[in-house]
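Structure assessment
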Amino acid sequence: MAERCGVTKRTIDHYTNLGLLKAERSPSNYRYYDHSSIERLNYIEECKADGMHLIDIKKRLLEKDAEEIDVLELRLKISGLEKDVSEVLAHLDKNDKKSLESIKKNLSHESLSLIQTLLVLLN
């Protein structure tokens, strides 16, 4: 990997020690870097070429990681809400009031609010 990115093993070790890169370990304890690590390494090198200091690069990478985590959490939350709404709609279609009441009691506050909003919009 060091030859492809134009950096030395020592540089990669330094970036890893600073927390800029994360290495996976093979069963024989060799470090290896996936495709996203190579992209990250290229990004670090581009930032350095633009005159950025490693501490500023690390801050920028942490912000980028936080944004990606936020998006992932939002997608998971939306997926859960979709599941809850689908269950309620399935029971509404069957006109199964007993099961519907049980589901309502177990819904999250966000799901219940979403369903109420959808009902207002549909009526």
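Scroll up a little and you will see the structure.
Residues numbered from 1 in each chain as written. Predicted model: local features only at pLDDT ≥ 70, side-chain atom pairs only at ≥ 80, totals over all residues. Heavy atoms only, no water.

Let us look at the packing of aromatic side chains. This model, assessed by the stated rule, comprises zero aromatic pairs. Above the plane of the ring of Tyr-43 lies Lys-64, whose end atom (NZ or CZ) is 5.4 Å from the centre. (Phe/Tyr/Trp six-rings, centres within 6.5 Å; stacked < 30°, edge-to-face > 60°. Lys NZ or Arg CZ within 6 Å of the ring centre and 35° of its normal.)

This part takes up helix H2 (residues 9-18). Buried within H2 we find Ile-12, Asp-13, Tyr-15 and Thr-16. For H2, the angular spread of the buried residues around the axis is 165°, confining them to a single face. For H2, the exposed residues set more than 90 degrees away from the buried face come down to Arg-10 and Asn-17. Looking at the residues trailing H2, positive phi occurs at Gly-19, about 90°. (Buried < 20%, exposed > 50% of the residue type's maximum accessible area, 1.4 Å probe, protein only. Helix = DSSP H or I, 4+ residues; strand = E, 2+ residues; numbered from the N terminus. Arc of directions from axis to C-beta.)

Right, let's get into the nonpolar core. Judged by nonpolar contacts, Val-7, Ile-12, Tyr-15, Leu-20, Leu-21, Tyr-33, Leu-41, Ile-44, Cys-47, Ile-57 and Leu-61 together constitute the single largest core of 11 residues. Of all elements in the fold, only H2, helix H3 (35-49) and helix H4 (54-94) reach the threshold of two or more residues within this core. Among the elements that make up this core, the one with the highest residue count is H3 (three residues). With residues up to four places along the chain from it excluded, the contact list for Cys-47 reads Met-52, Ile-57 and Arg-60. (Core = buried A, V, L, I, M, F, W, Y, C linked by side-chain atoms within 4.5 Å. Contact = heavy atoms within 4.5 Å.)

The computed volume of the largest pocket comes to approximately 350 Å³. Looking at the largest pocket, it is lined by 16 residues, and the ones nearest its centre are Asp-34, Ser-36, Ser-37, Arg-40 and Asp-65. At five residues, H3 tops the list of elements feeding residues into the lining of the largest pocket. For the lining of the largest pocket, the per-class residue count stands at six nonpolar, two polar and eight charged. (1 Å grid on protein atoms, 1.4 Å probe; cavity = no way out; pocket = protein on both sides within 12 Å on 5 of 7 lines; lining within 4 Å. Points joined across faces, edges and corners; volume = space filled by probe spheres on them. Nonpolar A, V, L, I, M, F, W, Y, C, P; charged D, E, K, R; others polar.)

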